[in-house]
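In case you want the letters, here they are:
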Amino acid sequence: MADRSHHRLSAAHLDDLAIVILTTPPGSDPTATHPELDEDTRARLRTRLKLISRHDWPANMREDPLIRRGYTLRQCFRLMTALLLLDAHVPPSIAIPIARSNELLFLRAIVSRLTSEKPSGASDALVVVLLGHLWEWVDVTAATAADPLRVRPIARGDLSTLWASDHDFGPAGQRLVLDIGGAGRTMWRWLQARGVMPEDALTDLLAEIERVSAEP
């Protein structure tokens with residue numbers, strides 16, 4: 001896909017993007033295009049953003065030589081996913097591999113929410129991250145069977161079945177539920193309201209996801 005420089009979010013807007021993601025209920029429209037935050041807290045948030053980038057996420061110069069111009073929409077969603085995991089106290093050494101290895105699953109959940117004409121409801125696509133750091137020690141066989149990067153999609157209406165035997169979630173361990181689609185909708189609405197990402201950025205991303213999904 002040809003690069004479109006105007007489809008990138010400048011680094012100057014990243015801390016505002018993070019504030020919106022972390023403070024707006026998933027699926028809601030942002031209440032402020034220019035969120036306010038005291039400088040000390042904003043500085044700590046910028047430090048965390050730099051920490052994420054040290055893990056070559058959302059991208060590095062080798063993967064995207066133009067990243068210094070800003071983040072693409074796909075990279076903004078990558079950053080959003082990492083922020084949500086870190087906000088749930090998942091350490092970067094675990095959060096970034098989860099975000100990287102399950103990116104397509106996360107993107108599909110986001111896109112299904114962005115392209116749906118229906119209001120939020122029981123069919124909303126959520127994602128479940130299967131945790132259980134100590135469980136992995138005491139039940140190695142079950143933890144291995146659940147696979148090392150345990151992320152599963154689930155409909156909002158099925159949340160009561162998180163430990164049900166007819167799901168492939170495994171018999172034990174903790175579950176972290178992310179409304180990744182709602183957060184993605186909120187982020188996209190903010191990008192549009194702020195006027196920093198054109199509408200066809202989403203069109204390009206949809207085409208990119210379709211192309212990647214067709215690959216082996």
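Residues numbered from 1 in each chain as written. Predicted model: local features only at pLDDT ≥ 70, side-chain atom pairs only at ≥ 80, totals over all residues. Heavy atoms only, no water.

Draft legend 1. Quick peek at the overall build of the protein. Within the protein, the secondary structure is distributed over 9 helices and 3 strands. Each helix (α) and strand (β) of the protein, taken in turn from the N terminus, gives the series α-α-α-α-α-β-α-α-β-β-α-α. Radius of gyration (C-alpha) of the protein: 18 Å, near the 17 Å computed for a compact globule of 216 residues. Along the first, second and third principal axes, the C-alpha set of the protein runs to 50 × 40 × 35 Å. Of all 216 residues assigned to the protein, the portion counted as buried reaches 44%. Considering only contacts in the protein between residues 6 or more positions apart, those separated by 24 or more positions represent 73%. A distance of 4 Å separates the average location of the 25 positive side-chain charges in the protein from that of its 28 negative side-chain charges. (Helix = DSSP H or I, 4+ residues; strand = E, 2+ residues; numbered from the N terminus. Rg over C-alpha atoms; globule rule 2.2 N^0.38 Å. Buried < 20%, exposed > 50% of the residue type's maximum accessible area, 1.4 Å probe, protein only. Contact = heavy atoms within 4.5 Å. Lys, Arg positive; Asp, Glu negative; His and termini not counted. Charge placed at Lys NZ, Arg CZ, Asp CG, Glu CD.)

Draft legend 2. Highlighting a nonpolar patch on the surface. Among the surface-exposed residues, Leu134, Trp137 and Val138 lie close enough to one another that they form a single nonpolar patch of about 400 Å² accessible area. Looking at the element boundaries, Trp137 is found in helix H6 (residues 135–138). (Patch = residues over 30% accessible without salt bridge, like charges linked within 9 Å, V, L, I, M, F, W, Y side chains within 5 Å. Areas by Shrake-Rupley, 256 points an atom, 1.4 Å probe, with all protein chains shown as cover. Salt bridge = Lys/Arg side-chain N within 4 Å of Asp/Glu carboxyl O.)

Draft legend 3. Broad picture of the confidence of the model for the protein. Mean pLDDT over the protein works out to 88, with 94% of the residues at or above the 70 mark. With pLDDT under 50 throughout, residues 1–5 is counted as low confidence; its partners more than four residues away or in other chains account for 9 contacts. (pLDDT = per-residue confidence, 0-100.)

Draft legend 4. Molecular detail of the nonpolar core. In terms of nonpolar packing, the biggest core is built from 52 residues, with Leu17, Leu73, Phe77, Met80, Leu85, Met187 and Leu191 touching the most fellow members. Counting residues per element, this core draws most heavily on helix H3 (residues 73–87), which supplies 10 residues. The next biggest cluster of nonpolar side chains, apart from the first, holds 6 residues, and it includes Val128, Leu130, Leu162 and Phe169. (Core = buried A, V, L, I, M, F, W, Y, C linked by side-chain atoms within 4.5 Å.)

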